[in-house]
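As a plain string of letters, each chain reads:
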Amino acid sequence: MRKFVLILSVFLILQSCTNKEEKQNTNVEKSSYLDYSDRDDKLSGGVKMIPVETSAGEFKVWTKRIGNNPDMKVLLLHGGPGFTHEYLEVFDSYFPNAEIEYYYYDQLESFYSDTPSDSTLWSVDRYVDEVEQVRKALGLNSDNFYLYGSSWGGILCMEYALKYQENLKGLIISNMMASIQDYVTYANDVLGPQLPPDVLEEIRVLESKGDYSNPRYSELIYNNYYPEHVLRMPLEEWPNPVNRAFAHVNMDFYVTMQGPSEFGVVGDAKLKNWNVKSELSKITVPTLAIGGAYDTMDPKHMEWIASEVQNGQYLHCPNGSHLAMYDDAEIYFKGLIEFIENVDMAKAKQ
């Protein structure tokens, strides 16, 4: 009897080890998402400096790949103009679990890429052409290519889709309107009056004088406007990736394109007259527009974008601001990932 019990115990231990090995083998198979062994960028951890041709010569832009997925590849376009990919690093906490392959990318004139400081290159059309060159270099195509753009990146998304949508599998426009004029109206008529009256009055006085470099102007904006509409957290709690992106902003580029005011676009800023509202109906690729209730952009307008394109959806973040990927992260990423996965499933059935 004792011998039988001993044999049974040994058998159960061996069986347990076998089960563990089988589980480990299954996990190894699944982890191919993070297997870089056959990738030509494995020694750089997914980083590639991609050459782009411009009218002023060839320059290089920085990209970094995370993961492997032949069917779902997302190129992330940051905002600004002139910010960096850094504030999008929150994607690391959500996309890998969904096994979505994604690419960080610093546009030309942004911190990790070449900065020729050539204002002749600062146009929407040239940046759209740059995105197309990056797409080709990364081997993205209509079987797998999702283009995501946050803020200024959303402008590039819309313009890219209007010119090159045959290359896209899906489009994501995050926290951006289709008209700068409408953005200016919303900032001045809706968001401005929500500030304390004395704060708004002081801001208006400084803006009327064009005194944007006055430290008091930055103080008023950072302490009152930003924690309400850019990222709804106390400034001292802003995440490190966001702070790094702000520290690395190319202000010359930003001001030339956007202007010095935080209440829309003023002066002779290059984006002052940008507007694609009448063209959105030409976009046929599956499109997700994302907006936040407290956004610097009008959430109703972003919902309208989803209804204006031919195959659109709207994701509303009820607690979100302009950086809703931080202050309404769970809703933001749940909706974003579901959109990508649903488009992927629908494509697979075709």
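These figures come from a predicted structure and were not determined experimentally.

Chemist: Looking at this model, I keep getting lost on the pairing of strand β4 (residues 101-106). Mind explaining?
Modeler: Moving residue by residue along a regular strand, the side chains alternate between the two faces of the sheet. Within β4, six of the six residues are buried, leaving the element largely enclosed by the surrounding structure. The alternating pattern of β4 places Glu101, Tyr103 and Tyr105 on one face and Tyr102, Tyr104 and Asp106 on the opposite face, and all of these are buried. Where strand β3 (residues 73-77) meets β4, three bridges bridge the pair, whose relative direction is parallel. By the bridge assignment, Lys73 is partnered in β4 with Glu101.

Chemist: What exactly am I supposed to notice about the pairing of strand β1 (residues 47-54) here?
Modeler: Two elements, β1 and strand β2 (residues 57-66), share eight bridges in a ladder whose sense is antiparallel. Counted as the bridge partner of Met49 is Trp62 from β2. The antiparallel pairing of β1 with β2 creates a hairpin that spans two residues between the two strands.

Chemist: Would you mind showing me how to read the pattern of salt bridges here?
Modeler: Oppositely charged side chains can pair when the atoms bearing their charge come close. For the structure shown, the criterion picks out 17 salt bridges. A salt bridge links Glu86 to Arg244, with the nearest nitrogen and oxygen atoms 3.2 Å apart. Here Glu86 is found in the loop between β3 and β4, whereas its partner Arg244 is found in helix α7 (residues 240-247), with 158 residues between them in sequence. The exposure class assigned to Arg244 is partly exposed, which follows from its relative accessible area of 25%. Salt-bridge contacts for Arg204 lead to Glu207; the nearest nitrogen and oxygen are separated by 3.6 Å. With Arg204 and Glu207 both in helix α5 (residues 197-208), this residue pair falls three residues apart, about one helical turn. Residue class for Glu207 comes out buried when judged on its relative accessible area of 14%. Overlapping salt bridges bring together Arg39, Lys73 and Glu101 as one network.

Chemist: Would you mind showing me how to read the confidence of the model for the protein here?
Modeler: Caution is warranted with low-pLDDT regions, since their predicted coordinates should not be read in detail. Overall, the prediction assigns the protein a mean pLDDT of 92, with 91% of residues at 70 or greater. A low-confidence stretch, residues 2-6 stays under pLDDT 50, and its non-local contacts, those more than four residues away or across chains, total zero contacts. In the predicted structure, residues 20-28 sits below a pLDDT of 50 and forms zero contacts with residues beyond four places in sequence or in another chain.

Cut-offs and rules
- Residues numbered from 1 in each chain as written.
- Predicted model: local features only at pLDDT ≥ 70, side-chain atom pairs only at ≥ 80, totals over all residues.
- Heavy atoms only, no water.
- Buried < 20%, exposed > 50% of the residue type's maximum accessible area, 1.4 Å probe, protein only.
- Helix = DSSP H or I, 4+ residues; strand = E, 2+ residues; numbered from the N terminus.
- Pairing = 2+ DSSP bridges.
- Salt bridge = Lys/Arg side-chain N within 4 Å of Asp/Glu carboxyl O.
- pLDDT = per-residue confidence, 0-100.
- Contact = heavy atoms within 4.5 Å.

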